[in-house]
Amino acid sequence: MMNRRRFIAVSAAALAATGAEAAPLRWQGYAMGADVSLTLYGGTRADLDAARSEIGRMETVFSVYDPASELSRINAQGGGPLSPDSARLLAVCQRVHRATGGLFDPTVQPVIRAALEDRALPWHLVGWDRVRLTASHVHMGPGQEMTLNGIAQGYATDRVGDLLVARGFQKALVAVGEHTAIGGPFRLGIEDPDHGMVGVRVLENHAIATSSPGAMRIGPVTHIVDPKGPAAPQWSTITVEARSAALADGLSTALCHAPRDRIAEIARATGTRVTLIAPDGKRATLGEPPL
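Residues numbered from 1 in each chain as written. Predicted model: local features only at pLDDT ≥ 70, side-chain atom pairs only at ≥ 80, totals over all residues. Heavy atoms only, no water.

**Regarding the overall build of the protein chain**
Logical step 1: Summing up its helical and strand segments, the protein chain has seven helices and 16 strands in all.
Logical step 2: Viewed in the frame of its principal axes, the protein chain has a C-alpha envelope of about 60 × 45 × 35 Å.
Logical step 3: Within the protein chain, contacts between residues separated by at least 24 positions form 63% of all contacts whose residues are at least 6 apart in sequence.
Logical step 4: Only carbon and sulfur atoms are counted for the fraction: they give 53% of the accessible area of the protein chain, which is about 11900 Å². (Helix = DSSP H or I, 4+ residues; strand = E, 2+ residues; numbered from the N terminus. Contact = heavy atoms within 4.5 Å. Areas by Shrake-Rupley, 256 points an atom, 1.4 Å probe, with all protein chains shown as cover.)

Quick look at the structure:
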C-alpha cells in the first residue's frame, strides 16, 4: 500500500440528492495512501463491489511500497515490460513532464528514499530525460527509480470512473485521493492545511486534484519534491480542475514549485483551471474550467 504522500485537501461539501433521486450507494475506505469514497446514484451492490475491486487492482500495479507490485518490479530491474495500465500512466507522466518543463518527474524516488533513511540526497539520479519509454517497455538510467504517488491516485480515479460509465452510470462521484464526477453537479470544498476552507468548486463531468506540500515533511524536503533541487515550494496548496483526474493530479503535484506566470501558461496550454493558495493564505485562480 502506498503511504499517504500528501494532505488530500479536497473534501465533499454537499452531496445531497434532489427530491427526485433515490438515496445513493456510498462506501468509504482507505487505499493507495489516501481516503477513498464512492457515491453511486443508481446501480447495485455489485457495481460498488466492482469499483472497489478496481481500486484494489490499481494498488497492486502502482504501489512503490509493495515489493510484489509492478512498479516495484520495474524499480528493482531498472525497467522492463509494461502492463497496459502502466503504459498508459507513464504516457501521461511524459505529457505532464513536457507540459511543466520538467517540474513533474517520477524519478525523484531515490531522493525520497534517501530522505526517509536520513542519507545524503542523490539529486544526480533525478532526470526523466534518461528514461526510455515505448508502448510496451520502460528503461531507466543506472540507479534510477520511479514513484507514481504524484499521479497514480488520479489515474485510479479515472479508471474507476470509466468502469462506472461502462456499467451505465450517469451520476456518481469517485474519490481515490482525487475526485472525478460522472454527471453532477457536486459541490466540493477546497481546504488548505494552514488556512482551512478557502473555496468551493462545482464538479460536473470533470475532475479535481489538490496538493499541499507543507502538510508533510520527509527530513529536509517536503513530500512533494522539486526535481530540480532542494527548493522550498512556492505555494501552500494547488488545486487543478481538468478533464481527467490523472492530468489534474500530475499538474497539482508539479505546480507547487512553479511561479505564477508559468502556472498561467500551463493552465492555458492544458485547458485546466488552477487555484493557488499562497503561504500567507491569499488566493488566485488561473485558467478556465475544463469543457
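Moving on from the model shown.
**Regarding the sheet that holds strand 6 (residues 137-139)**
Logical step 1: Ordered by their spatial adjacency, three strands build an open sheet running 4-6-5, and the pairing between neighbours is antiparallel. The sheet is open, and its two edges are formed by strand 4 (79-81) and strand 5 (132-133), each paired on a single side.
Logical step 2: Pairing analysis gives two bridges linking strand 5 to strand 6, with the strands arranged antiparallel. The residue of strand 6 that forms the bridge with R132 is H139. (Pairing = 2+ DSSP bridges.)

**Some details on the side chain of T100**
Logical step 1: Turning to its location among the elements, T100 is positioned in the loop between helix 3 (84-99) and helix 4 (109-116).
Logical step 2: A polar contact is formed between the side chain of T100 and the backbone nitrogen of F104, at a distance of 3.2 Å.
Logical step 3: If near-sequence neighbours (up to four positions away) are discounted, T100 is found in contact with L251, A254, L255, R262 and I266. (Polar contact = N/O pair within 3.5 Å; in protein donor to acceptor, adjacent residues only side chain to side chain.)

**Considerations on the environment of E178**
Logical step 1: With respect to the helices and strands, E178 occurs in strand 8 (residues 178-182).
Logical step 2: Residue classification places E178 among the buried residues on the basis of a relative accessible area of 1%. (Buried < 20%, exposed > 50% of the residue type's maximum accessible area, 1.4 Å probe, protein only.)

**Notes on the pairing of strand 9 (residues 186-192)**
Logical step 1: Of all seven residues in strand 9, five are buried; the element is thus mostly enclosed.
Logical step 2: From the end of strand 9 to the start of strand 10 (residues 196-203), which pair antiparallel, there are three residues.

**Here's the deal with the side chain of D105**
Logical step 1: Relative to the helices and strands, D105 is located in the loop between helix 3 and helix 4.
Logical step 2: Within the buried set, D105 has no salt-bridge partner at all; the shortest N-O distance to an opposite charge, 7.3 Å, is to R130.
Logical step 3: Within the local environment of D105, its side chain forms a polar contact with the backbone nitrogen of W128, the two atoms lying 2.9 Å apart.
Logical step 4: What D105 contacts, discounting residues up to four positions off in sequence, is H97, V126, G127, W128 and P227. (Lys, Arg positive; Asp, Glu negative; His and termini not counted. Salt bridge = Lys/Arg side-chain N within 4 Å of Asp/Glu carboxyl O.)

**Quick word on the environment of H97**
Logical step 1: With respect to the secondary-structure elements, H97 resides in helix 3.
Logical step 2: For the pair H97 and A254, spaced 157 residues apart in sequence, the C-alpha to C-alpha distance is 8.5 Å.
Logical step 3: Residues contacting H97, with those up to four places away along its chain left out, are G102, F104, D105 and W128.
Logical step 4: Polar side-chain contacts of H97 include one of 2.8 Å to the backbone oxygen of F104.

**Regarding the nonpolar core**
Logical step 1: Counting residues in hydrophobic clusters, the biggest one holds 63 residues, and the most contacted among them are L38, F62, L148, L164, I238, L255 and I263.
Logical step 2: Of all the elements, helix 1 (residues 45-62) adds the most residues to this core, at six residues.
Logical step 3: Once residues within four sequence positions are removed from consideration, L255 is found in contact with T100, W235, I238, V240, I263, I266 and V274.
Logical step 4: Judged by nonpolar contacts, the second largest core, of eight residues, contains V111, I218, V221 and V225. (Core = buried A, V, L, I, M, F, W, Y, C linked by side-chain atoms within 4.5 Å.)

**Describing helix 5 (residues 152-166)**
Residues spaced three or four apart along an α-helix face the same direction, because each turn holds 3.6 residues.
Logical step 1: Between its terminal C-alpha atoms helix 5 stretches 21 Å, which fits the 21 Å expected from 15 residues at 1.5 Å a residue.
Logical step 2: Regarding helix 5, the residues found buried are A152, Q153, G154, Y155, A156, T157, D158, V160, G161 and L164.
Logical step 3: Each element contacted by the buried residues of helix 5 is listed here: strand 3 (34-40), helix 1, helix 3, strand 7 (172-176), strand 8 and helix 6 (245-254).
Logical step 4: Downstream of helix 5 by a residue or two, G168 has a phi angle that is positive, lying close to 95 degrees. (Expected span 1.5 Å × (residues − 1).)

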